[in-house]
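Residue-level structural notes
As a plain string of letters, each chain reads:
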2 protein chains.
Amino acid sequence: MGFWKSLFGSSNGASAQTLAPANGSIGTALSISSNGRGSKSAQSKITFSKDREIDLYELEELCDAVGWSRRPIRKVKKALKHSFIVVSMWEQRGSYNRLIGFSRATSDHTFNATIWDVVVHPDFQGQGLGKALMKQIIKELRREDISNITLFADPHVVNFYRDLGFMPDPEGIKGMFWYPNFR
Amino acid sequence: MGFWKSLFGSSNGASAQTLAPANGSIGTALSISSNGRGSKSAQSKITFSKDREIDLYELEELCDAVGWSRRPIRKVKKALKHSFIVVSMWEQRGSYNRLIGFSRATSDHTFNATIWDVVVHPDFQGQGLGKALMKQIIKELRREDISNITLFADPHVVNFYRDLGFMPDPEGIKGMFWYPNFR
Ligand SMILES: CC(C)(COP(=O)(O)OP(=O)(O)OC[C@H]1O[C@@H](n2cnc3c(N)ncnc32)[C@H](O)[C@@H]1OP(=O)(O)O)[C@@H](O)C(=O)NCCC(=O)NCCS
Ligand SMILES: CC(C)(COP(=O)(O)OP(=O)(O)OC[C@H]1O[C@@H](n2cnc3c(N)ncnc32)[C@H](O)[C@@H]1OP(=O)(O)O)[C@@H](O)C(=O)NCCC(=O)NCCS
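Residues numbered from 1 in each chain as written. Chains lettered and ligands numbered in written order. Predicted model: local features only at pLDDT ≥ 70, side-chain atom pairs only at ≥ 80, totals over all residues. Heavy atoms only, no water.

Identification of chain A as Acetyltransferase, gnat family from Acaryochloris marina is taken from an unreviewed UniProt entry.

Here it is as structure tokens:
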């Protein structure tokens with residue numbers, strides 16, 4: 001069990017303490033000495049934000065770090081603008097903020113939401129931060145009264161999402177993707 | 001093979017003739033004598049529309065007809081407003097228009113779209129109209145340059161979508177739904 005995990009706890013419900021939203025910040029204030037490689041010794045805390053004015057080059061770097069293929073910045077900008085919700089995760093050390101996690105959801109603002117692009121920087125993986133990030137976006141979607149939260153999980157992360165309460169193929173419902181010229 | 005089907009054809013690509021969009025109409029003009037129960041003898045044609053100003057009571061009736069549970073009109077209105085695209089299908093006989101099919105998609109307007117609420121009135125099912133409706137919404141999404149078109153299919157319609165080029169669980173990707181208190 002990672003260091004972060006002991007802080008965030010493993011029970012249901014977002015265990016991260018939520019502050020009053022200000023300037024997009026929905027952040028947790030955890031004053032700790034992180035053991036992430038990216039933050040060796042000094043005091044740092046992890047915060048969350050709903051602000052979608054993210055430095056897109058920093059986001060690209062984050063996605064690069066997990067090996068995702070590059071996407072045109074112009075398109076990423078448009079996608080963020082038209083996402084229902086964007087939740088980013090930051091390591092804050094003094095006045096320095098580093099983007100270490102990201103997730104977003106599309107939605108009809110009412111019934112359904114679909115979560116995309118969940119990522120935690122490799123330096124910070126395996127410490128419960130992905131879980132904390134997911135709990136944060138779920139909490140935000142629930143706050144907006146979304147009843148149906150969905151996603152499409154790569155095979156290697158199905159169990160990660162299952163632990164968070166996501167069920168694969170409930171009642172036989174199948175996730176399907178359209179392929180041009182598939183047949 | 002149904003009557004409509006012979007008109008719409010069974011090859012790839014929307015076979016419905018698309019008119020220049022005007023007032024939300026993206027309609028096909030097919031002058032035929034339908035064999036749908038809802039249209040017994042007179043000439044009628046099927047049209048498609050992107051106009052989201054749909055009579056919500058008529059939409060509710062359509063969803064009722066296939067046994068879907070009722071949803072508050074206020075919420076349906078909000079969901080339509082915030083859908084990326086709405087494609088409805090109409091039987092037009094003289095000056096009378098009847099809503100006989102519906103589909104919509106949420107999206108980030110860039111990379112991903114997810115299709116929801118695909119329905120054809122039982123009087124008009126089994127004639128290729130569901131296929132035509134799906135081809136229409138796929139065409140519209142492709143026109144908007146969306147690369148990833150997704151949906152969640154009930155078990156009994158997986159083959160319906162498969163025939164349209166949708167693949168279940170491609171490369172092991174799993175559709176997942178979040179359930180509060182699932183564990
Ligand atoms: C998937 C990802 C977001 C998880 O973030 P993380 O911070 O490493 O995850 P956590 O430390 O919060 O893990 C929480 C739990 O999930 C488990 N878990 C984490 N990654 C997992 C994986 N890939 N497969 C299975 N379980 C996983 C952890 O073991 C932990 O379980 P535990 O509570 O029983 O100990 C992160 O690994 C990542 O960004 N991966 C690359 C991008 C990616 O694949 N995203 C998903 C696309 S669908
Ligand atoms: C699913 C639905 C939209 C299909 O519309 P439709 O007009 O009856 O479908 P079509 O006539 O265009 O059928 C096209 C093809 O799909 C097949 N098909 C239609 N419904 C099917 C079903 N339920 N299961 C498997 N195949 C189906 C048809 O046999 C036809 O195949 P063919 O080309 O090999 O002959 C319609 O039946 C409906 O509204 N059902 C109730 C609502 C629903 O379940 N929606 C989907 C929610 S995920």
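1. Brief notes about the overall build of chain A
How we decide: A run of H or I in DSSP counts as a helix once it spans at least four residues, and a run of E counts as a strand once it spans at least two, with each numbered from the N terminus. Buried, partly exposed and exposed residues are distinguished by accessible area as a fraction of the type maximum, computed with a 1.4 Å probe on protein chains only: under 20%, between the cut-offs, and over 50%, respectively. Any two residues having at least one pair of non-hydrogen atoms within 4.5 Å are treated as being in contact. All accessible-area figures derive from a Shrake-Rupley calculation using a 1.4 Å probe, and residue coverage is judged against the displayed protein chains alone.
Across its full length, chain A holds five helices and seven strands. Reading the secondary structure of chain A in the N-to-C direction produces α-β-α-α-β-β-β-α-β-α-β-β. Burial statistics for chain A: of 183 residues in total, 50% are counted as buried. A fraction of 62% describes how many contacts in chain A between residues 6 or more apart in sequence connect residues 24 or more apart. Put simply, chain A shows about 8,500 Å² of open surface, and 48% of that area lies on carbon and sulfur atoms.

2. Overview of the site of ligand 2
All names here are of chain B. Applied cut-off: The criterion for a residue being near a molecule or strand is simple. One of its heavy atoms has to lie within 4 Å of it. Any pair of nitrogen or oxygen atoms within 3.5 Å is treated as a polar contact; in protein, a donor-acceptor pairing is required on top of that, and neighbouring residues in sequence qualify only through side-chain atoms on both sides. Note that Gly is not counted as nonpolar here; it falls among the polar residues with everything else outside the nonpolar set of Ala, Val, Leu, Ile, Met, Phe, Trp, Tyr, Cys and Pro and the charged set of Asp, Glu, Lys and Arg.
Not every one of the 20 residues close to ligand 2 is listed here, only the nearest: Val120, Gly128, Gly130, Lys131 and His156. Interatomic distance of 3.4 Å between a backbone N/O atom of leucine 129 and an oxygen atom of ligand 2. Here an oxygen atom of ligand 2 sits 2.8 Å away from a polar atom, N or O, in the main chain of lysine 131. Alone, ligand 2 offers 900 Å² of accessible surface; in the complex the protein occludes 74% of this. Contributions of two or more residues to the shell around ligand 2 are made by strand E4 (112-120), helix H4 (129-143) and helix H5 (158-162). Among the residues making up the shell around ligand 2, the classes are represented as ten nonpolar, six polar and four charged.

3. Some thoughts on the site of ligand 1
Residues and elements named next belong to chain A. Close to ligand 1 lie 20 residues, the nearest being Val120, Gly128, Gly130, Lys131 and His156. Backbone polar atom of leucine 129 to an oxygen atom of ligand 1: 3.4 Å apart, as the coordinates give it. Relative to its unbound accessible surface of 890 Å², ligand 1 loses 74% to contact with the protein. Within the residue set of the shell around ligand 1, elements represented by two or more residues are strand E4 (112-120), helix H4 (129-143) and helix H5 (158-162). Of the residues contributing to the shell around ligand 1, the split by class is ten nonpolar, six polar and four charged.

4. Notes on the packing of helix H2 (residues 56-65) of chain A against helix H3 (residues 73-81) of chain A
Residues and elements named next belong to chain A. Defined as follows: Axis geometry follows a simple rule: fit a line to the C-alpha atoms, using only the stretch in contact for helices, then measure angles between N-to-C directions, giving values from 0 to 180 degrees. Relative orientations are named as follows: roughly parallel for angles under 35 degrees, roughly antiparallel for angles over 145 degrees, roughly perpendicular for angles from 65 to 115 degrees, and oblique for any other angle.
Where H2 contacts H3, the two axes come as close as 11 Å, and the packing angle between them is 100°. One way to sum up the angle between H2 and H3 is to call them roughly perpendicular. Judged by residue contacts, Leu56, Tyr57, Leu59 and Glu60 of H2 engage Ile73, Val76, Lys77 and Leu80 from H3. Taken together, the residues that form the contact of H2 with H3 break down as six nonpolar, no polar and two charged.

5. Some thoughts on helix H2 (residues 56-65) of chain B
Residue and element names in this part refer to chain B. As a reminder, the rule being used: Arc definition: directions from the helix axis to the C-beta atoms.
For H2, the set of buried residues is Leu56, Leu59, Glu60, Leu62 and Cys63. Down the axis of H2, the buried set is contained in an arc of 160°. They therefore lie on one face. In H2, the exposed positions angled more than 90 degrees off the buried face are occupied by Tyr57 and Glu61. Contacts from the buried residues of H2 go to helix H3 (73-81), strand E3 (96-107) and E4.

6. As for the interface of chain A and chain B
Rules: Summed over both partners, the accessible area (1.4 Å probe) lost when two parts come together is defined as the buried area. Throughout this description, the term salt bridge denotes a Lys or Arg side-chain nitrogen within 4 Å of a carboxyl oxygen of Asp or Glu.
Every contact between the two is made by 52 residues of chain A and, on the other side, 52 residues of chain B. Across the interface of chain A and chain B, roughly 5,200 Å² is buried in total on both sides, 60% from carbon and sulfur atoms. In this structure, B:Asp169 engages A:Lys174 in a salt bridge whose closest nitrogen and oxygen atoms are separated by 2.6 Å. At the boundary of chain A with chain B, the tally comes to 24 residue pairs in polar contact (both at pLDDT 80 or more).

7. Things to note about empty space enclosed by the protein
Formally: Space inside and on the surface of the protein is sampled on a 1 Å grid over the protein atoms alone, with a cavity defined as a set of points where a 1.4 Å probe fits but cannot get out and a pocket as an open set with protein on both sides within 12 Å along at least 5 of 7 lines; lining residues have an atom within 4 Å of a point. Grid points are joined across faces, edges and corners, and a volume is the space filled by probe spheres set on the points.
Inspection of the entire model under this criterion finds four cavities of 30 Å³ or more. Lining the largest cavity, in full, are A:Leu56, A:Leu59, A:Glu60, A:Cys63, A:Asp64, A:Trp68, A:Ser69, A:Arg70, A:Arg71, A:Ile73 and A:Val76. Counting only elements with at least two residues in the lining of the largest cavity, the list comes to H2 and H3 of chain A. Here the element with the most residues in the lining of the largest cavity is H2(A); it accounts for five residues. Residues that form the lining of the largest cavity fall into these classes: six nonpolar, one polar and four charged. Around the second largest cavity, the lining residues are B:Leu56, B:Leu59, B:Glu60, B:Cys63, B:Asp64, B:Trp68, B:Ser69, B:Arg70, B:Arg71, B:Ile73 and B:Val76. Those elements giving two or more residues to the lining of the second largest cavity turn out to be H2 and H3 of chain B.

8. Section: unusual backbone geometry
Here the phi dihedral of A:Asp169 falls at roughly 45°; this positive angle occurs in a residue that is not glycine. Position of A:Asp169 relative to the elements: it lies in the loop between strand E6 (166-168) and strand E7 (174-178). Residues other than glycine seldom take positive phi values, yet B:Asp117 does so here, at roughly 55°. As for its position among the elements, B:Asp117 is in strand E4.

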